[in-house]
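What follows is the residue order along each chain.
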Amino acid sequence: MTNAAASGTFQLGGDLPVVRLGYGSMRLTGYGVWGEPDDPAEAVRVLRRAVELGVNFIDTADSYGPFVAELLIREALRPYDGMYVATKAGFTRQGPHQWTALGRPEYLRQQVELSLRHLGVERIDLLQLHRIDPTVPVADQVGELAELQSEGKIRHIGLSEVSVADIEEAARTARIVSVQNRYNVASRHAEDVLEFCEAGNIGFVPWDPLATGKLASDRGPLASMAARHSASPSQLALAWLLRRSPVMLPIPGTSSVAHLEENVAAAEIELTDDEFEAVAKAA
């Protein structure tokens, strides 16, 4: 049986044994990451099926919906036996596809308190600052999260869409255990951040992990190699990420059980050295 555990585990923060191939919940919401999904019952089925397939690391955010994804996760998975849920705060929403960074300490505290309520937990396993607000000192934003951590409401702190300099600055205020940047085989602009995370044993959570466009098409440059593994090009792209670094924690998202099962099957694909290099060159 296909199982995400084939991807291995990573000790996130040194004490959370997360299965490296996780699940991202953004696609469980409505159009433009706004409102309820067309089929809430299917969203619950997707989450429960992810757990059945060995996934124990779920990524979400207060802004997905807003709060829609967190409430679906609570309905489907609480009391979270053996599960680790990471959420994020730091965006306001004005409508579909609209996002505005807001890092004022009182706002971050409010959102964390709401996420605790919506997820139905007393402590959030991983709270990631969704974006650094350029109008608020980093020390104030991360410092508020550190205060919530000292109060027992956050277990670990992470960052999203940051540079190496951002991580270093934030680390002067609190321990940073994860970074979530856009990264996939076709878009590796965050290579220096990934290397920094590798050196510091910081979990690297690539959002948008699936290669898209021609690269992932059935007629693209990965198609023949994928066929040799009886896999899809997207599965090959996920396998490439898992092999790229031991701190890599991909979180492919979907609203379909069938697509979820396809993504999880990528955990069992083993690329040779030559195949790994060929995938990178194809991109």
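Residues numbered from 1 in each chain as written. Predicted model: local features only at pLDDT ≥ 70, side-chain atom pairs only at ≥ 80, totals over all residues. Heavy atoms only, no water.

Asks: So what exactly am I meant to see when it comes to the overall build of the protein chain here?
Replies: Looking only at helices and strands, one finds 10 helices and 11 strands in the protein chain. For 283 residues, the compact-globule estimate of 2.2 N^0.38 gives 19 Å, and the C-alpha radius of gyration of the protein chain, at 18 Å, lies within 12% of that figure. Seen through its principal axes, the protein chain has C-alpha atoms that stretch 55 × 40 × 35 Å. Relative to its full complement of 283 residues, the protein chain shows a buried share of 58%. Considering only contacts within the protein chain whose residues lie at least 6 apart along the sequence, 73% involve residues at least 24 apart. (Helix = DSSP H or I, 4+ residues; strand = E, 2+ residues; numbered from the N terminus. Rg over C-alpha atoms; globule rule 2.2 N^0.38 Å. Buried < 20%, exposed > 50% of the residue type's maximum accessible area, 1.4 Å probe, protein only. Contact = heavy atoms within 4.5 Å.)

Asks: Would you explain the packing of aromatic side chains in this entry?
Replies: Remark: the centre distance and the inter-plane angle together describe each pair of aromatic rings, the angle taken between the planes. Applying the stated criterion to the full structure yields 4 aromatic pairs. With centroids separated by 6.4 Å and ring planes inclined at 85 degrees, the aromatic side chains of Tyr 64 and Trp 99 adopt a geometry described as edge-to-face. Highlighted residues: Tyr 64 in the loop between β4 (57–59) and α2 (68–77) and Trp 99 in strand β7 (residues 98–101), separated in sequence by 35 residues. Residue Tyr 64 is classed as buried on the basis of its relative accessible area, which comes to 5%. Measuring from centroid to centroid gives 5.6 Å for Tyr 183 and Phe 204, while their planes differ by 85 degrees, and the two rings are edge-to-face. One end of the pair, Tyr 183, is in the loop between β10 (176–180) and α6 (191–200); the other, Phe 204, is in strand β11 (residues 203–204), and 21 residues separate them in sequence. By the burial criterion, Tyr 183 is buried, and Phe 204 matches it. Every member of this aromatic cluster is reached through a ring pair, and the members are Tyr 64, Phe 91 and Trp 99. In this structure, Arg 93 packs its charged tip against the face of Trp 99, placed 3.8 Å from the ring centre. The lysine or arginine in question, Arg 243, covers the ring of Phe 276, its NZ or CZ lying 5.0 Å from the ring centre. (Phe/Tyr/Trp six-rings, centres within 6.5 Å; stacked < 30°, edge-to-face > 60°. Lys NZ or Arg CZ within 6 Å of the ring centre and 35° of its normal.)

Asks: Any chance you could explain the pairing of strand β9 (residues 154–160) here in plain terms?
Replies: It is a general feature of regular strands that their side chains alternate between the two faces of the sheet. Of all 7 residues that make up β9, 6 are buried, and the element is covered over most of its length. Direction of pairing for strand β8 (residues 124–129) relative to β9: parallel, over a ladder of 5 bridges. Residue pairing across strands places Ile 124 opposite Ile 154, the latter belonging to β9. Note on the crossover from β8 through helix α4 (residues 138–150) to β9: the handedness is right-handed. Where β9 lies against β10, 4 bridges are found, and the strand directions are parallel. Looking at the pairing, Gly 158 lines up with Ser 178 of β10. (Pairing = 2+ DSSP bridges. Right-handed = clockwise from strand over helix to strand, strands pointing away.)

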